[in-house]
Amino acid sequence: MLQLPTPNETQNRPSETPLSELDRITELAGDLAGQFELVPLLERVLGHAVALLDCESGSISIVHEAEGYYRKEVDQGVGCHQGQTFPLTEGLTGQIVSTRGTVILDRYASVAVGHIDPIDPRWGSAVIGVPIAWDGAIIGTFAIFSDGPGRVFSAADASLVELFANHAAIAIMNSRLHHAAAAKEREAAIAGERERAVQDVHEAIGRSLGSLLLHLDRADKATQGGSPSIQHIDSARVLAHEALFETRRTVLGLAPSSLAGSTLEEAVRRELDRVGSSYPIDLTLLVTGQPHELAPVVAHQLFMVIQEAVANVVAHARATSCRVGIFYDTTGMTVVVEDNGRGFERPEIESAIGSMQGSRLGLHGMAARAHYLRGELHVDSTPGWGTSIRAQVPYSSNGDASRDRWKVVVACAQPLIRAGLVRLLETSEPSVQVLGELATVEDLIEAVSLLQPDMIVLDEHLLGQYAEARSASGDTVERPVVAVVDRPTDQQLATAAASGVRGFLSLSSTPGEVARVVVAAARGDALLDGAMFTRLAETRQTAEPASTVAHLTVRELEVRDLLAEGLADKQIATRLGISVKTVEKHVGAMLRKTGTRNRTMLVGLRHQRQATASPI
């Protein structure tokens, strides 16, 4: 690759006439035209600016204003921590971002929280600080220091630095665009390879399961009527069919390009074809209205809602037909999944602990996805008449129903678990952005302060340390926490409550459960995977005698019943004809009366009492 001469090489050419201002700007423009490596370009820009102002020192920082920090990217002769990051409340950069304009100081010492040692000569020198802006946003800062206390910078000097700041902005954006294009090429190649690998696995497992079903049919025909073996053959056939169906669903869920190049309607049609090929159920799709072009993340979330709902129909409804509708109107879109199955009453989905964990988790997951798109999920069911699931999503100003991704940091002491969680979240849940993966509580505390994530995923080794560190630092910001705890003790549960834990994962959690629990926690709900819910319920059942049943009012019982259905406070308020604040008061009163720590444990307590109640 072509190597750019360093600024010092340019300045130390005794046999050449020093470059004029126009020559330097012209030469710099040529550099920007074909170079994409950021640091060499910024070094060249900084070197030219320093030379033209007859100075020797300067720096360029990259600003991440939304995250609240900046990085000293290039440093010439300053010695102020090149490559390190600092909060935007410190240094000359912090002052530039705060004023959102050029800053000229007679002495660097006047900076509130500076990074230059007071014994450094530049401590008492004049300095110019200029924002590097692009499309109205500050993406960096440009600083030039005088060589001593006798120099004072003028407005003309500042104008020259602003010109070079514009060159720096072009260099930064060119580099970002180049790296983004390269990253997309790599992602496309990786996605294609992953798609082929997953497809190969699916074909191998599918062939094996197909052969297994064939042999089971032959065994059935060869077995005499009335033989006790027939029951076992039928059970094996059902399990094989379910395994084949789940394998196909897994392939579709893990393949990153399942919606690439396809509309939502096309992806849903393919899913219904897959289901129809494995189960004797009549599946239809209806699309009405003028389709809108959806962002990939929006199409993914709606597709996952439909996929989850159809899977519930197949697994639990005993239906002969299922209709899927996608409706576009002027204000938003609605997806509906209806079946003619057995339906359910409210107590049924709250029945014995563990018997319906999959469907309950599925309803929570669908509700969380609808909420992520600023929409709502409605579930209507009548015993003997079927079930209808309806997700309503509004359009945003640009025609897409979307929002910023939830920002997450993953902290686990064990590298394998840490890497696995990051991988699962990055590949299966586009609504989540993993900001960093950390191994120690010190790194976690620093990352939380610096990156300001929406939520934290951590393991049991760091759970207690994080609670202690948070208490010691006086941190009062409530961030949802999801804890990976396989067999929680009472002490760990108490620690979890002090740490703001909103969800639990176990080592046996599936990729879908990981995504659902994390999304629900980011939404503000408390959710557990199936195994962990059963574990907590068993713990509380052995720990609490039946005599501790609290007296709840009729209205409180109604609110608790709707909480168990996965409804949000706003939906409960609408259903009961009361205000959202009244719903919150009822929930708070029930938590106090029952001594439970969160809504999930409140609902779980009812499960236990129903299971132990005497039949009438």
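Reading the values: rules and limits
- Residues numbered from 1 in each chain as written.
- Predicted model: local features only at pLDDT ≥ 70, side-chain atom pairs only at ≥ 80, totals over all residues.
- Heavy atoms only, no water.
- Helix = DSSP H or I, 4+ residues; strand = E, 2+ residues; numbered from the N terminus.
- Buried < 20%, exposed > 50% of the residue type's maximum accessible area, 1.4 Å probe, protein only.
- Contact = heavy atoms within 4.5 Å.
- Areas by Shrake-Rupley, 256 points an atom, 1.4 Å probe, with all protein chains shown as cover.
- Phe/Tyr/Trp six-rings, centres within 6.5 Å; stacked < 30°, edge-to-face > 60°.
- Salt bridge = Lys/Arg side-chain N within 4 Å of Asp/Glu carboxyl O.
- Pairing = 2+ DSSP bridges.
- Axes fitted to C-alpha atoms, helices over the stretch in contact; angles between N-to-C directions.
- Parallel < 35°, antiparallel > 145°, perpendicular 65-115°, else oblique.
- Left-handed = near helix turned anticlockwise from the far one by under 90°.
- Nonpolar A, V, L, I, M, F, W, Y, C, P; charged D, E, K, R; others polar.
- pLDDT = per-residue confidence, 0-100.
- Core = buried A, V, L, I, M, F, W, Y, C linked by side-chain atoms within 4.5 Å.

### Examining the overall build of the protein
- Broken down by element type, the protein carries 19 helices and 17 strands.
- Relative to its 616 residues, the protein shows a buried fraction of 48%.
- Within the protein, residue pairs in contact and separated by at least 24 positions form 63% of the contacts whose partners lie at least 6 positions apart.
- When the accessible surface of the protein is totalled, it reaches about 29500 Å², and 54% of it is carbon and sulfur.

### As for the packing of aromatic side chains
- Counted according to the given criterion, the structure contains three aromatic pairs.
- Summarising the aromatic geometry, the rings of Tyr70 and Phe86 are spaced 5.9 Å apart at their centres and angled 35° between planes, so their arrangement reads as tilted. Separated by 16 residues along the polypeptide, Tyr70 in strand 2 (residues 69–76) and Phe86 in strand 3 (residues 85–87) bring together distant segments of the chain. Both residues of the pair, Tyr70 and Phe86, belong to the buried class.
- Ring geometry for Tyr108 versus Trp123: centroids 6.1 Å apart, planes at 65°, classification edge-to-face.

### So, the pattern of salt bridges
- For the structure shown, the criterion picks out nine salt bridges.
- Across the salt bridge formed by Asp380 and Arg390, the nearest N and O atoms sit 3.9 Å from each other. Of the two residues, Asp380 sits in strand 10 (residues 376–382) while Arg390 sits in strand 11 (residues 386–394), which places them 10 residues apart along the sequence.
- Taking the shortest distance from any N to any O, the salt bridge between Glu558 and Arg555 comes out at 2.9 Å. Remark: Arg555 and Glu558 occur in helix 16 (residues 554–564); sequence separation between them is three residues, near one turn of the helix.
- For Glu558, a relative accessible area of 30% translates into the label partly exposed.
- Arg555 gets classed as partly exposed once you look at its relative accessible area, which sits at 30%.

### Observations regarding the sheet that holds strand 10
- The strand order 7-8-9-11-10 describes an open sheet built from five strands, whose pairing is mixed. Each edge of the open sheet is held by one strand with a lone partner, namely strand 7 (282–288) and strand 10. Taking the axes of each pair of neighbouring strands and ignoring which way they run, one obtains an average angle of 10° across the sheet.
- Across seven bridges, the pairing between strand 8 (residues 321–328) and strand 9 (residues 332–339) is antiparallel. By the bridge assignment, Val324 is partnered in strand 9 with Val337.

### A closer look at unusual backbone geometry
- You will see that Asp54, though not glycine, has its phi angle at about 55°, which is positive.
- Its location among the elements puts Asp54 in the loop between helix 3 (38–52) and strand 1 (57–64).
- When its relative accessible area of 60% is taken as the criterion, Asp54 is described as exposed.
- For Arg100, which is not glycine, the phi dihedral falls at a positive 55°.
- Looking at Arg100, the relative accessible area reads 44%, which means it is partly exposed.

### Some remarks on the pairing of strand 2
- Counting buried positions along strand 2 gives seven out of eight residues, so the element sits mostly inside the fold.
- The pairing of strand 1 with strand 2 spans seven bridges and is classified as antiparallel. In the sheet register, Ser59 faces strand 2, and the bridge partner there is Asp75.
- The turn linking strand 1 back onto strand 2 is made up of four residues, and Gly68 within it adopts a positive phi angle of 80°.
- Sheet topology places strand 2 next to strand 3; three bridges connect them, and they run antiparallel. Bridge assignment links Arg71 to a residue of strand 3, and that residue is Thr85.

### Here's the deal with the side chain of Ser388
- With respect to the helices, strands and loops of the structure, Ser388 is situated in strand 11.
- For Ser388, a relative accessible area of 14% corresponds to the buried category.
- Leaving out residues up to four positions away in the same chain, Ser388 has contacts with Val336, Val337, Glu338, His378, Val379 and Asp380.

### Overview of the packing of helix 16 against helix 17 (residues 569–576)
- Where helix 16 meets helix 17, the closest approach of the two axes is 10 Å, and the angle between their N-to-C directions is 130°. Relative to helix 17, the element helix 16 lies oblique. Classified by chirality, the crossing of helix 17 by helix 16 is right-handed. Across the interface between the two elements, Arg555, Glu558, Val559, Leu562 and Leu563 from helix 16 touch Asp569, Ile572, Arg575 and Leu576 from helix 17.
- Among the residues making up the contact of helix 16 with helix 17, the classes are represented as five nonpolar, no polar and four charged.

### A word on the confidence of the model for the protein
- Put simply, the protein has an average pLDDT of 75, and 72% of its residues get 70 or more.
- Under a pLDDT of 50 for its full length, residues 612–616 has, in the predicted model, one contact with residues more than four places off or in other chains.

### Some thoughts on the nonpolar core
- In terms of nonpolar packing, the biggest core is built from 63 residues, with Val268, Leu302, Val324, Ile326, Met333, Val410 and Val457 touching the most fellow members.
- Residue contributions to this core peak at 11 residues, all from helix 8 (residues 296–317).

### Examining the sheet that holds strand 5 (residues 127–134)
- Spatially, the six strands line up as an open sheet ordered 3-2-1-6-5-4, and their pairing is antiparallel. Either end of the sheet is taken by a strand with one partner, and the two such strands are strand 3 and strand 4 (103–105). Direction aside, neighbouring strands of the sheet carry axes that sit 25° apart on average.
- Where helix 3 meets the sheet, its contacts fall on strand 1, strand 2 and strand 6 (137–145), and the angle it forms with strand 2 comes to roughly 60°.

### Here's the deal with the environment of Trp385
- Looking at the secondary structure, you find Trp385 in the loop between strand 10 and strand 11.
- Taking relative accessible area as the criterion, Trp385 reaches 72% and is therefore assigned exposed.
- Spatially, the C-alpha atom of Trp385 lies 8.3 Å from that of Asp339, the residues being 46 residues apart in sequence.
- Contacts of Trp385, omitting those with residues within four sequence positions, involve Asp339, Asn340, Gly341 and Arg342.

### Notes on the packing of helix 17 against helix 18 (residues 580–594)
- Interhelical geometry of helix 17 versus helix 18 gives an angle of 105° and a closest axis separation of 8 Å. Here helix 17 is positioned roughly perpendicular relative to helix 18, judged by the angle of their axes. On helix 18, the residues that touch Asp569, Lys570, Ile572 and Ala573 of helix 17 are Val580, Val583 and Glu584.
- Tallied by class, the residues present in the contact of helix 17 with helix 18 amount to four nonpolar, no polar and three charged.

### Points about helix 17
- For helix 17, every residue scored as buried is listed here: Asp569, Gln571, Ile572, Ala573 and Leu576.
- One or two steps after helix 17, the chain reaches Gly577, where phi turns positive at roughly 70°.

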